[in-house]
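A look at the structure
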Amino acid sequence: MAQLDIRQRDKSALREGYSPAVRKFEIASIAAFALAMAWLALRIVPHLLESPWLALTAFMVGFVAADFVSGFVHWAADTWGTPEWPIIGKALIRPFREHHVDQKEITRHDFIETNGNNCFISIAPAVGAALLPADWFFLSAMGFAACLAIFGTNQFHKWSHMDEPPAAVRLLQRASLILPPDHHGVHHSAPYAKYYCITVGWLNEALHRVRFFQLLERVISVSTGLVPREDDIGKKAALVLAETPEAVEPPEACSLRPEA
């Protein structure tokens, strides 16, 4: 870790990247997501009373699936690409770059900025689940739960960075039913290369132990020549980390407190 010379983007420049066009894109994404979820709900509600235990199982599987999806998207946005990319770069990658520079900025986001990008990535899965045949109720219900949990993910993430979240939220965090602050603090230990799941964090330990994301990075790097996290922490630090993956310390060796 001492070899890392982390160089991140300017905080003000990243904040300026939140343009009126991005704002309109987020509003449109929220509206489209709401319509897709309403359609999906109408498809599954008639079957809930017929198969309540199947529905409950589907909802739980969907919740866990959302935790994995949150980790995969978080990893992808942290690791690859730049904020200069059209649409995806400005709406999805830029907020993650900004978040590593200023963790507290997310607590100042309003409803639209907090939830717009998650709504965008959930539109297609919600529509796909709504289009499934009636006999595929389990997958439709699982898709509904997953999309709903993904919708809540950035709000859970925001609460994990708040100094004084609502009392009910603190109870859910202590019960590990939404993302706990101490658990998420592991991710914010430089070089920000572990514990990506931010819906509830249940899968973080297992994914870290099997080096799931590091293996993906190696495959992509060998295939494309790209350097993971080059845009986020600077080329020098990214190269050191790529050559010495043990720099990503196991969770017990990391501070469990988010940085101020």
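Residues numbered from 1 in each chain as written. Predicted model: local features only at pLDDT ≥ 70, side-chain atom pairs only at ≥ 80, totals over all residues. Heavy atoms only, no water.

So, the overall build of the protein chain
In terms of regular secondary structure, the protein chain is built from 12 helices and zero strands. By the compact-globule yardstick of 18 Å for 260 residues, the protein chain fits well, its C-alpha radius of gyration being 19 Å. Overall, the protein chain is about 60 × 45 × 40 Å in size when its C-alpha atoms are taken along their principal axes. In the protein chain, which comprises 260 residues, the proportion classed as buried is 48%. (Helix = DSSP H or I, 4+ residues; strand = E, 2+ residues; numbered from the N terminus. Rg over C-alpha atoms; globule rule 2.2 N^0.38 Å. Buried < 20%, exposed > 50% of the residue type's maximum accessible area, 1.4 Å probe, protein only.)

Some thoughts on the nonpolar core
Here is a general trend for soluble globular proteins: nonpolar side chains tend to be buried in one another's company. Within the largest apolar cluster, 18 residues are counted, with the highest numbers of intra-cluster contacts made by Phe33, Met37, Leu40 and Phe144. By residue number, the principal contributor to this core is helix 2 (residues 20-48), which donates seven residues. Phe144 has contacts with Met37, Leu40, Ala41, Ile44 and Phe59, leaving out every residue within four places of it along the chain. Membership of the second largest hydrophobic core comes to 13 residues, among which are Trp75, Tyr192, Cys197 and Val227. (Core = buried A, V, L, I, M, F, W, Y, C linked by side-chain atoms within 4.5 Å. Contact = heavy atoms within 4.5 Å.)

Some thoughts on the side chain of Ser160
Tracing the chain through its elements places Ser160 in helix 6 (residues 137-161). There is a polar contact of 2.6 Å between the side chain of Ser160 and the backbone oxygen of His157. With residues up to four places along the chain from it excluded, the contact list for Ser160 reads Gln173, Leu179, Pro180, Pro181 and His184. (Polar contact = N/O pair within 3.5 Å; in protein donor to acceptor, adjacent residues only side chain to side chain.)

Some points on the environment of Gly185
Tracing the backbone shows Gly185 in helix 8 (residues 181-185). Between the C-alpha atom of Gly185 and that of His161, which follows or precedes it by 24 residues, the distance is 9.0 Å.

Concerning a nonpolar patch on the surface
Together, Trp53, Leu56, Met60, Val64, Leu172, Leu177 and Trp202 make up a nonpolar patch on the protein surface, roughly 700 Å² of accessible area in all. Along the chain, the position of Leu172 falls in helix 7 (residues 167-174). (Patch = residues over 30% accessible without salt bridge, like charges linked within 9 Å, V, L, I, M, F, W, Y side chains within 5 Å. Areas by Shrake-Rupley, 256 points an atom, 1.4 Å probe, with all protein chains shown as cover. Salt bridge = Lys/Arg side-chain N within 4 Å of Asp/Glu carboxyl O.)

Examining the confidence of the model for the protein chain
Model confidence for the protein chain is summarised by a mean pLDDT of 87, while 90% of its residues fall at 70 or above. In this model, residues 250-260 is a region of pLDDT below 50 whose contacts with residues beyond four sequence positions or in other chains number 26 contacts. (pLDDT = per-residue confidence, 0-100.)

Quick notes on the pattern of salt bridges
On inspection of all chains with the given rule, the structure shows nine salt bridges. Asp231 is the partner of Arg97 in a salt bridge, and the nearest nitrogen-oxygen pair spans 2.8 Å. Taken together, the residues Arg97 in helix 4 (residues 88-101) and Asp231 in helix 11 (residues 230-233) connect sequence positions 134 residues apart. The same class applies to Arg97 as to Asp231, namely buried. Ionic pairing is found between Glu105 and Arg108, a salt bridge with its closest N-O pair at 2.9 Å. The buried category is assigned to Glu105, whose relative accessible area is 11%. The network of salt bridges with shared partners includes Asp102, Glu105 and Arg108.

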